[in-house]
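The primary structure of each chain is shown beneath.
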Amino acid sequence: MMREQVITRDTVANPKSVYGDKKASTRHFITQRLTGAINIAFLLLLLFVVVRLAGQDRVDMVAVIGNGWIGLPLAALLVIVTLHMRNGMRDTLEDYFHGRTYRFYMMLNTLFCIAIAVAGVAAILKLVFWG
């Protein structure tokens, strides 16, 4: 059984103290920055789709999103956004929960993000490949 480390003012004030997983924290930091940058890069595509579909009916929506040049990058964007969302919620959960409660809520967060990504990508791929 793993013991929880108590972090006090002295632990935080000491520059030599080590707590947490260094590799996981670095990976989280890099992933959060990369997904944020990619989201900004994909912003133009998202704006194009929103403006193009404003006031249109379902047939036009299927035609626009069903185009492989639009639908496939949109599916990739959805996966990247859910990764970014999961990491952002992780930061919030780390602030308020610890131990088993934190792991439980992280599991729910991960499952929710996976469900959103799978449902969204499946819907977009259906439009791209089967109309």
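Bear in mind the structure is a predicted one, so any value in this text is a computation, not a measurement.

Parameters and conventions
Residues numbered from 1 in each chain as written. Predicted model: local features only at pLDDT ≥ 70, side-chain atom pairs only at ≥ 80, totals over all residues. Heavy atoms only, no water. Axes fitted to C-alpha atoms, helices over the stretch in contact; angles between N-to-C directions. Helix = DSSP H or I, 4+ residues; strand = E, 2+ residues; numbered from the N terminus. Parallel < 35°, antiparallel > 145°, perpendicular 65-115°, else oblique. Left-handed = near helix turned anticlockwise from the far one by under 90°. Contact = heavy atoms within 4.5 Å. Nonpolar A, V, L, I, M, F, W, Y, C, P; charged D, E, K, R; others polar. Buried < 20%, exposed > 50% of the residue type's maximum accessible area, 1.4 Å probe, protein only. Arc of directions from axis to C-beta.

At a closest axis distance of 9 Å, the pairing of helix H2 (residues 22-41) and helix H5 (residues 68-96) adopts a crossing angle of 135 degrees. Considered as vectors, H2 and H5 are oriented oblique to each other. Where H2 crosses over H5, the two elements pack in a sense that is left-handed. Only Leu77, Ile80, Val81, Leu83, His84, Asn87, Gly88, Arg90 and Asp91 of H5 make contact with H2, whose side of the interface consists of Ala24, His28, Thr31, Gln32, Thr35, Gly36, Ile38 and Asn39. In terms of residue class, the contact of H2 with H5 is made up of six nonpolar, nine polar and two charged.

So, on to helix H3 (residues 43-53). Because each turn of an α-helix spans 3.6 residues, side chains separated by three or four positions in sequence point in the same direction. Restricting attention to buried positions, one finds in H3 the residues Leu45, Val49 and Leu53. For H3, the angular spread of the buried residues around the axis is 50 degrees, confining them to a single face. Along H3, the residues that are exposed and aim more than 90 degrees away from the buried face are Leu44, Val50 and Val51. Buried-residue contacts for H3 involve helix H4 (58-65) and H5. Immediately downstream of H3, the backbone of Gly55 shows phi near 80 degrees, a positive value.

In short, the description is geometric, and any link to function would need to be established separately.
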